[in-house]
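Structural characterization, general
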Number of protein chains: 2
Amino acid sequence: MNYSKQRETVLQTLRENVVHPTAEYIYDIMRKTDKSVSLATLYRNLNQLTEAGKIKKIEGLENSAHYDHNIHEHYHFICTECKRVFDIPADVAGDIVKNTEEKTGFVIQSHDVIFHGLCNDCKK
Amino acid sequence: MNYSKQRETVLQTLRENVVHPTAEYIYDIMRKTDKSVSLATLYRNLNQLTEAGKIKKIEGLENSAHYDHNIHEHYHFICTECKRVFDIPADVAGDIVKNTEEKTGFVIQSHDVIFHGLCNDCKK
DNA sequence: GCCAAACTTGACAATAATTCTCAAATATAA
DNA sequence: TTATATTTGAGAATTATTGTCAAGTTTGGC
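Presented here is a report on the structure given in the accompanying data block. Given the structure is predicted, the values throughout are model-derived calculations rather than measurements. (Residues numbered from 1 in each chain as written. Chains lettered and ligands numbered in written order. Predicted model: local features only at pLDDT ≥ 70, side-chain atom pairs only at ≥ 80, totals over all residues. Heavy atoms only, no water.)

**Overview of the interface of chain A and chain B**
The line we're drawing: Residues are treated as being in contact if the distance between any of their heavy atoms lies within 4.5 Å. By convention, the term buried area covers the 1.4 Å-probe accessible surface removed from two parts as they join, with the contributions of both added. What makes a salt bridge here is a side-chain nitrogen of Lys or Arg within 4 Å of a carboxyl oxygen of Asp or Glu, nothing more. Here a polar contact is taken to be a pair of N or O atoms separated by no more than 3.5 Å, where protein atoms must pair a possible hydrogen donor with a possible acceptor and residues adjacent in sequence count only if both atoms sit in side chains.
At the interface, 34 residues of chain A touch 34 residues of chain B. Among the residues chain A hides against chain B, the three largest losses belong to Val92(A), Phe106(A) and Phe115(A). Together they make up 20% of the total. In this structure, the connection of chain A to chain B is made through two salt bridges. A salt bridge links Lys103(B) to Asp91(A); its shortest N-O distance comes to 2.7 Å. Taken together, the links from chain A to chain B amount to 18 residue pairs in polar contact (both at pLDDT 80 or more).

**Points about empty space enclosed by the protein**
Residue and element names in this part refer to chain B. Our working rule: Every definition here rests on a 1 Å grid over the protein atoms only: cavities are sets of points where a 1.4 Å probe fits but cannot get out, pockets are open sets enclosed by protein on both sides within 12 Å along at least five of seven lines, and lining residues have some atom within 4 Å of a point. Grid points are joined across faces, edges and corners, and a volume is the space filled by probe spheres set on the points. By definition, any uninterrupted DSSP run of H or I lasting at least four residues is a helix, any uninterrupted run of E lasting at least two residues is a strand, and each is numbered from the N terminus.
Evaluation of the coordinates by the stated rule reveals one cavity of 30 Å³ or more. Size it by volume and the largest cavity reaches roughly 60 Å³. Lining the largest cavity are Lys56, Lys57, Ile58, His74, Tyr75, His76, Asp112, Val113 and Ile114. At the level of secondary structure, the elements contributing two or more residues to the lining of the largest cavity comprise strand 1 (56-58), strand 3 (74-79) and strand 5 (107-118).

Quick look at the structure:
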């Protein structure tokens, strides 16, 4: 993977935005400083960075994928009211991988947990 | 929700197919007995049945959604090799909901767990 | 520094999954 | 058995994402 200014910007945009943005959101931000960046370039870079394990793609939320600069094991919570995405520490799930491997015999390469519900701001 | 023959067929097709089919798969089966059923009707009914809690939509697998007639709490495992979707009992995750609610204060309405890895046939 | 090979880009066409629109058909309740 | 509400089929429309390709950029060896 060669260096590219655009890819650097994608990664930095993700790191600077605590939210878990969609491609569209990142695109809007990138266009502010680079009027000519292309959507294809963005998607290409998001895929490459995901492939390289530098970022994580979060699927299963609404229609479009979200991206996460935090690649440590953790889960996600999406508020059904305000649609914000929150991080959930992985230890809430106990020995989920070990338990599942023992019960099934399958080899687990990765797993994702997504919660839906009301965040503290919206539950009132 | 009024009665409709097509919706009945959607539900029955899902129940008779132990796999976790996509809309496309269900569509192919329905076309065998009803040459004139429309894709829009299928998607409408899948959404209505999901809304009504009679089936469950599984997102986050490949590009298209899968549907599940089993609405009891359970998780899914997708084999990265053969792409089949397996059911995983919910007890592998311990008190995941209680733990998460206690740790965050959020109200959890639902949660999904998706594993990726190799099934017993493919791990050899 | 200069060059060739490999990689990346922007523009935009193409695709895939799903949703929308609307007139015609069907179901329901009185 | 009729009026009202719901559902359908057909196909156009939409949305997110990927593919194509010529032009621009990066890199490692000289």
